[in-house]
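Here is what each chain is made of, one letter per residue.
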Amino acid sequence: MRDHDLILVTDMQNVYTKGQAWACLDTEGAAARIERIVREAERRHPSPKVLFTEYLAPEHPVGAWKVYNETYAAINADPYLNALIPEMKSLSEKYPVYSKSTYSSMSIPEVRAAAEAAERVVLTGVVSECCVLSTAFAAIDLGCHVVWLKDAVSGFDRDKERGAELMLEGLSPVHTTLMTTEEYLRE
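Keep in mind that what you see is a predicted model, and the values were worked out from it rather than measured. (Residues numbered from 1 in each chain as written. Predicted model: local features only at pLDDT ≥ 70, side-chain atom pairs only at ≥ 80, totals over all residues. Heavy atoms only, no water.)

1. Side note on the nonpolar core
Inclusion rule: By nonpolar core we mean a set of buried residues, namely Ala, Val, Leu, Ile, Met, Phe, Trp, Tyr and Cys, connected to one another through side-chain atoms within 4.5 Å. Here's how the labels work: a residue is buried when its accessible area is under 20% of the maximum for its type, exposed when over 50%, partly exposed in between, all with a 1.4 Å probe on protein chains only. Helix numbers and strand numbers start at the N terminus; a helix is a DSSP run of H or I with at least 4 residues, a strand a run of E with at least 2. A contact between two residues is defined here by any heavy atoms of the two lying within 4.5 Å.
One finds Ile 7, Met 12, Phe 52, Met 88, Leu 149 and Tyr 184 to be the most contacted residues of the largest nonpolar core, which totals 33 residues. Sort the elements by how many residues they give to this core and helix 1 (residues 27-44) lands first, with 5 residues. Phe 52 has contacts with Val 9, Leu 84, Met 88, Leu 91, Ser 92, Tyr 95, Pro 96, Val 97 and Tyr 98, leaving out every residue within four places of it along the chain. If you look at the next biggest cluster of nonpolar residues, it comprises 23 residues, including Leu 6, Leu 8, Ala 164 and Leu 178.

The following block contains the structure:
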């Protein structure tokens, strides 16, 4: 963990928890590790840079997003499914939460600016092979070094999670570093 890291918590919403439509393998475990990372950052640094994102369907989608939002209209309309999970509540009250209507969190100007100002962008959240991966590639395109915390992200299944990791391993060490939460906290 470094002083100038941006810890980015991507889309930790109820729809990704056990029993929900888009349940990921280990949303709850990732949440526990994210909380540990943020608490440790608070202990070590006076003002850690932590941001949250949430996916909310746009009012007027364009292109393929129209079909996406029609297909998932019931999920998109459910306030509970779109809310951040309870495990993130106390943290999200202390740090900014930005809404997006695309996969990448870098589509949010404030997140992009924070990423460009950071030494590294530390990625956590869900869905590893979708929103988190899209955010990783967009951050890399901005010139950011991405830290992918393998156990603080969660995807739909282990094969897809591993596929995302393999893509990012190919960009290491220049653009990415893949590690576990324990390795990150020991830095």
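Here the narrative resumes.
2. Quick word on helix 1
Inclusion rule: To estimate the expected span of a helix, subtract one from its residue number and multiply by 1.5 Å.
With 18 residues, helix 1 extends 26 Å from end C-alpha to end C-alpha; this agrees with the ideal 26 Å at 1.5 Å per step. In the core, the buried residues of helix 1 are packed alongside strand 1 (5-10), strand 2 (49-55), helix 5 (89-92), strand 4 (120-126), strand 5 (146-154) and helix 9 (181-186).

3. Quick look at the environment of Asp 141
Tracing the backbone through its elements, the reader meets Asp 141 in helix 7 (residues 128-141). In this structure Asp 141 comes out as exposed when scored by relative accessible area, which is 70%.

4. With respect to the pattern of salt bridges
Two side chains bearing opposite charge may form a pair once their charged atoms approach each other closely. Here is the rule we go by: Should a side-chain nitrogen of Lys or Arg be within 4 Å of a carboxyl oxygen of Asp or Glu, the pair is scored as a salt bridge.
This structure, assessed with the given rule, holds 18 salt bridges. For Lys 94, the salt bridge is made with Glu 42, and the minimal N-O distance between the two is 2.7 Å. Taken together, the residues span a long stretch of sequence, with Lys 94 in the loop between helix 5 and strand 3 (97-100) and Glu 42 in helix 1 at a distance of 52 residues. In this structure Lys 94 comes out as partly exposed when scored by relative accessible area, which is 47%. One salt-bridge network, held together by shared partners, links Arg 158, Glu 161, Arg 162, Glu 165 and Glu 169.

5. Some thoughts on helix 6 (residues 109-117)
Note the threshold: Each C-beta atom gives one direction from the helix axis, and the arc is the one those directions make.
Along helix 6, the residues classified as buried are Val 111, Ala 114 and Ala 115. Projected down its long axis, helix 6 carries its buried residues within an arc of 100°, all on one side. Residues of helix 6 that are buried in the fold lie against strand 1, strand 2, strand 3 and strand 4.

6. Considerations on the side chain of Lys 100
Cut-off, in case you're wondering: Under the rule applied, a polar contact is a pair of N or O atoms within 3.5 Å (in protein, one hydrogen donor and one hydrogen acceptor; residues adjacent in sequence only if both atoms are side-chain atoms).
Relative to the assigned elements, Lys 100 resides in strand 3. The class for Lys 100 is buried, based on a relative accessible area of 3%. Of note is the side chain of Lys 100, whose polar atom sits 2.8 Å from the side chain of Asp 11.

7. Let's talk about the packing of aromatic side chains
As a reminder of what qualifies: Aromatic pairs are defined between Phe, Tyr and Trp rings, using the six-membered ring for Trp, whenever the two ring centres lie within 6.5 Å; interplanar angles under 30 degrees are classed as stacked, those over 60 as edge-to-face, and all others as tilted.
Applying the stated rule across the entire model yields 9 aromatic pairs. Pairing Trp 65 with Tyr 68 gives two aromatic rings, centres 5.0 Å apart and planes at 75°, and the pair type is edge-to-face. Of this pair, Trp 65 and Tyr 68 are both found in helix 2 (residues 64-71), 3 residues apart, which corresponds to roughly one turn of the helix. Tyr 68 gets classed as buried once you look at its relative accessible area, which sits at 18%. The rings of Tyr 16, Trp 22, Tyr 55, Trp 65, Tyr 68, Tyr 72 and Tyr 103 are connected pair by pair, giving a single aromatic cluster.

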